[in-house]
Amino acid sequence: MKKTLKNTLLILVFLTFSISTVLLAYLHFFASEDRKLSGEWNTDLDMTEQAAVTAFHWLQDIEAVSVTLEDVESYMQDLTVQVHLTLEETARFEGTFCSNVLPESYVVCSKAAYEAFAMAFRDLLSERLRMAGYAGSMDKEAIEALVYETFGMSTVEYLMSCGPALLPSLEELQVCYDGSGTYEAAEGILARQFDAGGDVIEKTECYIRQGSMLILSEDSGFHSPLIYTLEMDGELE
């Protein structure tokens, strides 16, 4: 009986040791890879809500026509500006970084926002004209012609010059996201030191890396997390 118990205990110890060894090997060779941050990463800043809310407040002032935020949101879809982040590990859990807003993505996003704004504006203008008893054509081309006749420019041009700013300026976004410097990563915290003309500004974020996805969120939790994806063939050695 004692011999059987001893053998059973030895087997259990051996199994426990084996499982622990396998687990440690996995953590060393596989899980540790998810702690490496080196690579070329991209994320999209969602501008949709801000653009929709700004357009909504402006469109509310059109006389005799009611509009809801949901109405405006139906026009504004998937408005994003791309941020590119390069992380290069120079020592264990530390290295250099460079982050920048892609200007071309800002231009595309701004254009899409104002085109959506113009669609909403034309539809509300059509409704206003109908209520006023206008008997002419209400199709897009006819309304666009009326806008051009009235303001001497297209609907998009009119809204861009006389309407509200739907997005933060490119310069404002660059202040928030552009920069380079060094970083340290430990226990799920990414601390980045930005070189700013001789001054060093530190930004602390919580991070999780899962394969080709990197999630960054400010340590305060005030802003929504940014989800970066690894560029194809972008991982650095």
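Residues numbered from 1 in each chain as written. Predicted model: local features only at pLDDT ≥ 70, side-chain atom pairs only at ≥ 80, totals over all residues. Heavy atoms only, no water.

Quick look at the overall build of the protein
(1) Moving on: Helix and strand counts for the protein stand at 7 helices and 8 strands.
(2) Moving on: Excluding contacts between residues fewer than 6 apart, the proportion of contacts in the protein whose partners are at least 24 apart in sequence is 62%.
(3) Moving on: Working note: accessible area of the protein is about 14600 Å², and carbon and sulfur atoms make up 59% of it. (Helix = DSSP H or I, 4+ residues; strand = E, 2+ residues; numbered from the N terminus. Contact = heavy atoms within 4.5 Å. Areas by Shrake-Rupley, 256 points an atom, 1.4 Å probe, with all protein chains shown as cover.)

What about the side chain of serine 105?
(1) Moving on: Position of serine 105 relative to the elements: it lies in helix H4 (residues 103–131).
(2) Moving on: Here the side chain of serine 105 touches glutamine 82 through a polar contact of 2.9 Å, landing on its backbone nitrogen.
(3) Moving on: For serine 105, the contacting residues outside a window of four places in its chain are Thr80, Val81 and Gln82. (Polar contact = N/O pair within 3.5 Å; in protein donor to acceptor, adjacent residues only side chain to side chain.)

Some words on the packing of helix H2 (residues 48–59) against H4
(1) Moving on: In the contact formed by H2 and H4, the axes pass within 11 Å of each other and the chain directions differ by 25 degrees. Put simply, H2 runs roughly parallel to H4. In this structure, H2 meets H4 at a crossing whose hand is right-handed. Contacts between H2 and H4 involve Ala55, Trp58 and Leu59 on the former and, on the latter, Phe117, Ala120, Phe121 and Leu124.
(2) Moving on: Each residue belonging to the contact of H2 with H4 can be placed in one class, and the counts come to 7 nonpolar, no polar and no charged. (Axes fitted to C-alpha atoms, helices over the stretch in contact; angles between N-to-C directions. Parallel < 35°, antiparallel > 145°, perpendicular 65-115°, else oblique. Left-handed = near helix turned anticlockwise from the far one by under 90°. Nonpolar A, V, L, I, M, F, W, Y, C, P; charged D, E, K, R; others polar.)

Observations regarding the pairing of strand E6 (residues 199–210)
(1) Moving on: The pairing of strand E5 (residues 189–196) with E6 spans 8 bridges and is antiparallel. The residue of E6 that forms the bridge with leucine 190 is glutamate 205.
(2) Moving on: Where E6 and strand E7 (residues 213–218) come together, 6 bridges link them in antiparallel fashion. Counterpart to cysteine 206 in the pairing with E7 is serine 217.
(3) Moving on: Counted between consecutive antiparallel strands, the loop separating E6 from E7 contains 2 residues, among which glycine 211 sits at a positive phi close to 60 degrees. (Pairing = 2+ DSSP bridges.)

Quick notes on the nonpolar core
(1) Moving on: Leu59 and Met76 are the most contacted members of the largest nonpolar core, which has 49 residues in total.
(2) Moving on: No other element matches the 10 residues that H4 contributes to this core.
(3) Moving on: Among residues more than four places away in sequence, those in contact with methionine 76 are Thr48, Ala51, Ala52, Ala55, Ala113, Ala116, Phe117 and Leu166. (Core = buried A, V, L, I, M, F, W, Y, C linked by side-chain atoms within 4.5 Å. Buried < 20%, exposed > 50% of the residue type's maximum accessible area, 1.4 Å probe, protein only.)

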